[in-house]
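Structural overview for review
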Amino acid sequence: MRKRQEHITVHYFARTYVEPHVEIVTVKDSKRSMSPCNSVESEPESEYQETEDALPVLEHESQLLDDYHLQKLAAHMPPKSQCYPWQLVYSTAIHGTSLRTLYRNMAGLDSPVLLVIKDMHKKIFGAFCSDPLRVSKYFYGTGETFLFTFSPDFQHYRWSGENSYFMSGNWESLQIGGGGGCFALWLDADLYHGASFSCPTFHNAPLSTHEDFTVLDVEVWTVPI
């Protein structure tokens, strides 16, 4: 007898008033039925879909994120972040190196954003921000904000609860995290010079291998939830 595949479950149903029947449920079917993107019973899957967990869908090609990055990041983001395609709203490769342009491209948005940075040492790091990046007099945001780095292995740093210095922006710089005179992530107006220090907001280690770094590329993605 051929061994039954481990990803298939067989259910046998028998009742006195109903003809017995067998239902075969694959692991992927069960995952789809529990998906946060589905509010009603899922339709049968097409035969070309992958059996692995789906990665977030990007509306544009990313120069910084590959499948490994997406898999790690999505696992720590709100579940519904995988329900809708991510939109690229700012890229230094497309829009140039300007914090003003970054702010302008996010004007009117009302969804979280993913800030991704690549420095001159080819390290990838950034922040998932609960709110769009903007000029502000005071810090803003919520505890959904977290930091991440792939330098060298994936690490993420969630809100410590110690303060609420999530995000703040002005025309000269962008800051994420703070306290004790240090920012977890800081970028200048030209998106060329940056810095990352440990700070009370996230109790993070510096995100890059160097506390002061030179920016190579920046991308910002909207993450509808």
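The text that follows walks through the structure, step by step, so that each part is easy to find. (Residues numbered from 1 in each chain as written. Predicted model: local features only at pLDDT ≥ 70, side-chain atom pairs only at ≥ 80, totals over all residues. Heavy atoms only, no water.)

**Focus: the overall build of the chain**
Within the chain, the regular secondary structure consists of four helices and twelve strands. A buried classification covers 39% of the 225 residues belonging to the chain. The long-range fraction of contacts in the chain, counting pairs at least 24 apart against all pairs at least 6 apart in sequence, stands at 54%. Here the chain displays about 13100 Å² of accessible surface, and carbon together with sulfur accounts for 50% of that area. (Helix = DSSP H or I, 4+ residues; strand = E, 2+ residues; numbered from the N terminus. Buried < 20%, exposed > 50% of the residue type's maximum accessible area, 1.4 Å probe, protein only. Contact = heavy atoms within 4.5 Å. Areas by Shrake-Rupley, 256 points an atom, 1.4 Å probe, with all protein chains shown as cover.)

**Quick look at the nonpolar core**
When a protein is soluble and globular, its nonpolar side chains tend to lie buried together. The biggest cluster of nonpolar side chains holds 31 residues, and the ones touching the most others in it are L102, I117, L133, I176 and V220. Taken together, the elements giving at least two residues each to this core come down to β3 (87-91), α4 (99-105), β4 (113-119), β5 (124-129), β9 (173-176), β10 (185-188) and β12 (212-222). Tallying contributions element by element places β12 first for this core, with four residues. When near neighbours in sequence (up to four residues on either side) are disregarded, I176 contacts L115, A127, C129, L147, Y165, F166, M167, F183, A184, L185 and F202. Core analysis: the next-biggest nonpolar cluster, separate from the first, contains 17 residues, L65, V116, F150 and V223 among them. (Core = buried A, V, L, I, M, F, W, Y, C linked by side-chain atoms within 4.5 Å.)

**A short note on the packing of aromatic side chains**
Under the definition given, this model contains eight aromatic pairs. Their ring planes at 65° and their centres at 5.9 Å tell us that Y68 and F150 sit as a pair that is edge-to-face. Of this pair, Y68 sits in helix α2 (residues 67-74) while F150 sits in the loop between β6 (146-149) and β7 (155-157); the two residues are 82 residues apart in sequence, bridging distant segments of the chain. Its relative accessible area of 9% is what places F150 among the buried residues. Measuring from centroid to centroid gives 5.4 Å for W159 and F166, while their planes differ by 65°, and the two rings are edge-to-face. Looking at F166, the relative accessible area reads 3%, which means it is buried. Ring pairing ties together the aromatic residues Y68, F148, F150 and F154, which thus form one cluster. In this structure, R100 packs its charged tip against the face of W171, placed 4.4 Å from the ring centre. (Phe/Tyr/Trp six-rings, centres within 6.5 Å; stacked < 30°, edge-to-face > 60°. Lys NZ or Arg CZ within 6 Å of the ring centre and 35° of its normal.)

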